[in-house]
Amino acid sequence: ATKKFSKKKLAALNDDGSFKKIPWREAMNKYGTDKPDLRFDLEIMPITELVKGCGFKIFADMAGEKGCAVHALKVGGGAKFSRKEIDEITEIAKDRGAKGLAYIIIKNLTQPSPSKGEGKYELQSPIVKFLGGELARAIIKEVKAEAGDIIFFGADEWKTVCLSLGAVRNECALKLGLKDKTKA
């Protein structure tokens with residue numbers, strides 16, 4: 001029926017042509033919305049357990065509080081965002097209730113990739129000194145980040161984290177041209 005109204009290719013269909021059904025909580029955790037744009041692969045990942053008791057007070061507090069969460073959004077190629085763009089993205093997160101938006105930029109110094117635990121890379125972030133190098137590397141490995149990526153973090157009540165990182169996900173996809181306009 002949809003083919004009658006649009007020439008766009010439908011994204012994220014099941015093999016039988018039906019729409020994928022994603023449970024509400026899963027959609028909120030992975031995409032930050034119950035109406036996710038599945039034309040691009042940016043997924044939010046819970047890292048609450050990983051940061052429990054860490055040296056970064058905001059993460060440690062939220063990881064230990066009932067109803068709260070710490071999630072990470074790896075944005076491939078996002079290390080090229082300027083400080084101004086990161087500030088704009090932070091404002092979008094704040095518009096959805098976040099108090100701020102922590103991030104780690106992974107700069108490449110030598111190959112291969114940091115997520116495989118090899119090579120040399122530089123982490124640019126105001127939070128790395130609080131997380132410590134070992135935990136920062138564990139987070140990078142968990143979210144499968146590579147040199148040239150940026151990781152954004154949300155730490156707050158679960159729904160606030162989901163909604164704010166969902167808005168960040170959408171904005172990053174726009175900035176990086178990831179939304180395929182030939183798909184619906």
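Definitions and cut-offs
- Residues numbered from 1 in each chain as written.
- Predicted model: local features only at pLDDT ≥ 70, side-chain atom pairs only at ≥ 80, totals over all residues.
- Heavy atoms only, no water.
- Pairing = 2+ DSSP bridges.
- Helix = DSSP H or I, 4+ residues; strand = E, 2+ residues; numbered from the N terminus.
- Axes fitted to C-alpha atoms, helices over the stretch in contact; angles between N-to-C directions.
- Contact = heavy atoms within 4.5 Å.
- Phe/Tyr/Trp six-rings, centres within 6.5 Å; stacked < 30°, edge-to-face > 60°.
- Buried < 20%, exposed > 50% of the residue type's maximum accessible area, 1.4 Å probe, protein only.
- Lys NZ or Arg CZ within 6 Å of the ring centre and 35° of its normal.

A.B. asks: It is not clear to me how the sheet that holds strand S5 (residues 150-157) should be interpreted in this structure. Could you clarify?
C.D. replies: To summarise the sheet geometry, strands pair through backbone hydrogen bonds and adopt either a parallel or an antiparallel arrangement. What the five strands build is an open sheet, ordered S1-S2-S5-S3-S4; its pairing is antiparallel. Every other strand in the sheet has two partners, leaving strand S1 (44-46) and strand S4 (121-124) as the edge strands with one partner each. Strand-to-strand twist of the sheet, defined as the mean angle between neighbouring strand axes without regard to direction, takes the value 25°. Helix H6 (residues 133-142) rests against S1, strand S3 (102-108), S4 and S5 of the sheet, and its axis sits at about 100° to S4.

A.B. asks: Help me understand the packing of aromatic side chains, please; the structure alone is not making it clear to me.
C.D. replies: The relation between two aromatic rings is expressed through the spacing of the ring centres and the mutual angle of the planes. With the rule as written, the count across this model stands at four aromatic pairs. Relative to phenylalanine 59, the ring of phenylalanine 56 lies with its centre 4.7 Å away and its plane at 70°, an arrangement referred to as edge-to-face. Summarising the burial analysis for this pair, phenylalanine 56 and phenylalanine 59 share the class buried. Pairwise contacts between aromatic rings join Phe56, Phe59, Phe130 and Phe153 into one cluster. Note that arginine 25 overlies the ring of tryptophan 158, its terminal NZ or CZ placed 4.0 Å from the centroid.

A.B. asks: Help me understand helix H3 (residues 57-64), please; the structure alone is not making it clear to me.
C.D. replies: Residues spaced three or four apart along an α-helix point in a common direction, a consequence of the helix completing one turn every 3.6 residues. What H3 keeps buried is the set Phe59, Ala60, Met62 and Ala63. Along its buried surface, H3 packs onto helix H2 (48-51), strand S2 (68-75), S3, helix H5 (128-131) and S5.

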